[in-house]
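Each chain, letter by letter, is given below.
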Amino acid sequence: MTTTLPTTLAARATQGARRSVTRIVAAAVLIVLVCFALVGPLIWPDPAAQDLGRYLEPPTASEPLGRDEFGRSVVARLAHATRLSLMLGALSVATALVLGTALGVAAAWLGGWVDALLRGISETFVALPALLIVLLFSALATEGSLWTLYVGLALAQWVEYFRVVRARGALVLASPAVEAATLLRLGPLHVVRRHLWPDLRPLLITLASLGMVTSILAMSTLGFVKVGLQPPRAELGLMVTEAFPFYDSAPWMSIAPIAVLFLITACFLSLRRPEVTS
């Protein structure tokens, strides 16, 4: 018994240190990707510029990822595609987070018919696969509208935030601390700031990290099957599809977008909290 406790504490400390190092590395790689997405389009402003005389040109010092079948700069298209994925993913996650959190708090706080109505709407969305919702909205768009794709991604994810916030918020609002704050008439703002937000914050951070991965992969999946954003727009899934016929003669064209998707997914999954304690 005396030797087990120190061993367990040492193992937990080692595991915590490893997780910290993993998060630091993931954050550093993600910062590099964000800088590439922000600075890259300034260095290579036109991803659609063609030069047919440079058909499938291999990588050089001026073109680190070479040229594609239309003589377009692969690194320019990759920079614009990375920026598009990160920005659209962040916008859809932020919208889903705000909408789902607000409705979840309202359902937990008000209860009654408000809770029943919102719960019924959320169950309708749960019954539909998230990718199907995005596909339906993409089908309504003409020539792959960004706004339609954004709305589809946001609507496909808000229900996750709603269900988690509603369940956790109901427990917090029923706690003795909140009951005491209500008796003291400290007001709703105090309850949200001192009780709800500290308890919900780690859950929302984890959901947002997973939501970024879900949004970017869903966007790339739709582009890969050519039902999302349409050419000549630079998008990671479209780049993979366009590069497949030339994987043997120009492998850099397909490796580059796949590598960016892998790094984005690994970074966001590494940044999330492995567990949330109550």
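Along every chain, residues carry numbers that run from 1 in the direction the sequence is written. Per-residue local features are limited, in this predicted model, to residues with pLDDT of at least 70; the limit for side-chain atom pairs, both in listing and counting, is 80 or more; totals at the level of whole chains, interfaces and linings are taken over all residues. Each side-chain value is worked out from all heavy atoms of the structure, with water and hydrogens disregarded.

Only runs of H or I of at least four residues qualify as helices and only runs of E of at least two qualify as strands under DSSP, and these elements are numbered from the N terminus. Helix and strand content of the protein: nine helices and zero strands. Starting at the N terminus and ending at the C terminus, the protein contains elements arranged as α-α-α-α-α-α-α-α-α. Using a 1.4 Å probe on the protein chains alone, a residue whose accessible area is under 20% of its type maximum counts as buried, one over 50% counts as exposed, and one in between counts as partly exposed. A burial count over the protein gives 41% of its 278 residues as buried. Residues count as neighbours in contact if any of their non-hydrogen atoms are within 4.5 Å of one another. Sequence separation of at least 24 residues holds for 69% of the intrachain contacts in the protein that already meet a minimum separation of 6. Only the protein chains shown count as covering a residue, and every accessible area follows the Shrake-Rupley method with a 1.4 Å probe. Taken as a whole, the protein presents about 15,000 Å² of accessible surface, with 70% of it coming from carbon and sulfur.

The next point concerns the nonpolar core. Put simply, a nonpolar core is a bunch of buried Ala, Val, Leu, Ile, Met, Phe, Trp, Tyr and Cys residues held in one set by side-chain atoms that sit within 4.5 Å of each other. Of all hydrophobic cores here, the largest spans 47 residues; its most connected members are Leu86, Tyr161, Met253, Ile264 and Phe268. Breaking this core down by element, the ones donating at least two residues are α1 (4–43), α2 (74–110), α3 (112–127), α5 (146–173), α6 (176–183), α7 (188–224), α8 (236–243) and α9 (252–271). When residues in this core are grouped by element, the largest group, nine residues, is from α7. Apart from the residues lying within four places of it in its own chain, the contact partners of Ile264 are Leu33, Leu86 and Ile216. Ranked by size, the runner-up nonpolar core spans twelve residues in total, among them Leu149, Tyr150, Ala218 and Leu222.

Before going further, it helps to examine the environment of Thr265. Summarising the element assignment, Thr265 is placed in helix α9. Look at Thr265 and you get buried, because its relative accessible area is 19%. With 48 residues separating them along the chain, Thr265 and Leu217 place their C-alpha atoms 8.3 Å apart.

Below, the discussion takes up the confidence of the model for the protein. The quantity known as pLDDT measures the predictor's confidence residue by residue, on a range of 0 to 100. Per-residue confidence for the protein gives a mean pLDDT of 85; residues scoring 70 or more make up 90%. The element-level mean pLDDT for the protein is lowest in helix α4 (residues 130–140), coming to 75, with α2 highest at 93.

In this section: the packing of α2 against α3. Axis definition: a line fitted to C-alpha atoms, over the contacting stretch in the case of helices. Angles run 0 to 180 degrees between N-to-C directions. Remark: α2 packs on α3, axes separated minimally by 7 Å, with the N-to-C direction vectors making an angle of 140°. The pairing of α2 with α3 is recorded here as oblique in orientation. The interaxial crossing formed by α2 with α3 has left-handed handedness. For the pair α2 and α3, contact is made by Leu103, Ala106, Ala107 and Leu110 and by Gly112, Val114, Asp115 and Leu118, respectively. For classification, angles of less than 35 degrees are called roughly parallel, those exceeding 145 degrees roughly antiparallel, those between 65 and 115 degrees roughly perpendicular, and all remaining angles oblique. Each crossing gets its hand from how the near helix is turned against the far one by less than a right angle, where anticlockwise is left-handed and clockwise is right-handed.

Even without being a glycine, Leu56 presents a positive backbone phi close to 50°. With respect to the element layout, Leu56 can be found in the loop between α1 and α2.

Further remarks concern the packing of aromatic side chains. Here a pair means two rings of Phe, Tyr or Trp (six-membered ring of Trp) with centres within 6.5 Å. Their orientation is stacked below 30 degrees between planes, edge-to-face above 60, and tilted elsewhere. Within the structure shown, the criterion is met by four aromatic pairs. Where Phe125 meets Trp158, the ring centres are 5.4 Å apart and the plane angle is 80°; that geometry is what we call edge-to-face. Separated by 33 residues along the polypeptide, Phe125 in helix α3 and Trp158 in helix α5 bring together distant segments of the chain. Phe125 gets classed as partly exposed once you look at its relative accessible area, which sits at 22%. Taken together, a centroid distance of 5.7 Å and an interplanar angle of 85° make the contact between Phe224 and Phe244 edge-to-face. Placement of Phe224 in helix α7 and of Phe244 in the loop between α8 and α9 is noted, with a sequence separation of 20 residues between them.

This part covers empty space enclosed by the protein. Here a cavity denotes grid points, spaced 1 Å and computed from the protein atoms alone, that fit a 1.4 Å probe unable to get out, and a pocket denotes an open set having protein on both sides within 12 Å along at least 5 of 7 lines; residues with an atom within 4 Å of a point are the lining. Grid points are joined across faces, edges and corners, and a volume is the space filled by probe spheres set on the points. A full pass over the atoms with the stated rule returns one cavity of 30 Å³ or more. Empty space within the largest cavity amounts to approximately 60 Å³. Together, Asp68, Glu69, Arg72, Val74, Arg77, Met239, Glu242 and Met253 line the largest cavity. Those elements giving two or more residues to the lining of the largest cavity turn out to be α2 and α8. In this classification, Asp, Glu, Lys and Arg are treated as charged, Ala, Val, Leu, Ile, Met, Phe, Trp, Tyr, Cys and Pro as nonpolar, and every other residue, Gly included, as polar. Looking at the lining of the largest cavity, its residues break down into three nonpolar, no polar and five charged.

Counting through the fold element by element, Arg166 comes out in helix α5. Separated by 57 residues in sequence, Arg166 and Trp109 have C-alpha atoms that sit 8.6 Å apart. Sequence-distant contacts of Arg166, that is, excluding residues within four places in its chain, are made with Gly104, Ala107, Ala108, Asp115 and Arg119. At 2.6 Å, the side chain of Arg166 forms a polar contact with the side chain of Asp115. Residues adjacent in sequence count toward polar contacts only when both atoms are side-chain atoms; beyond that, a polar contact is any pair of N or O atoms within 3.5 Å, and within protein one must be able to donate a hydrogen and the other to accept it.

Secondary-structure assignment places Ser122 in helix α3. Apart from residues no more than four positions distant in its own chain, Ser122 is found in contact with Trp158, Val159 and Phe162.

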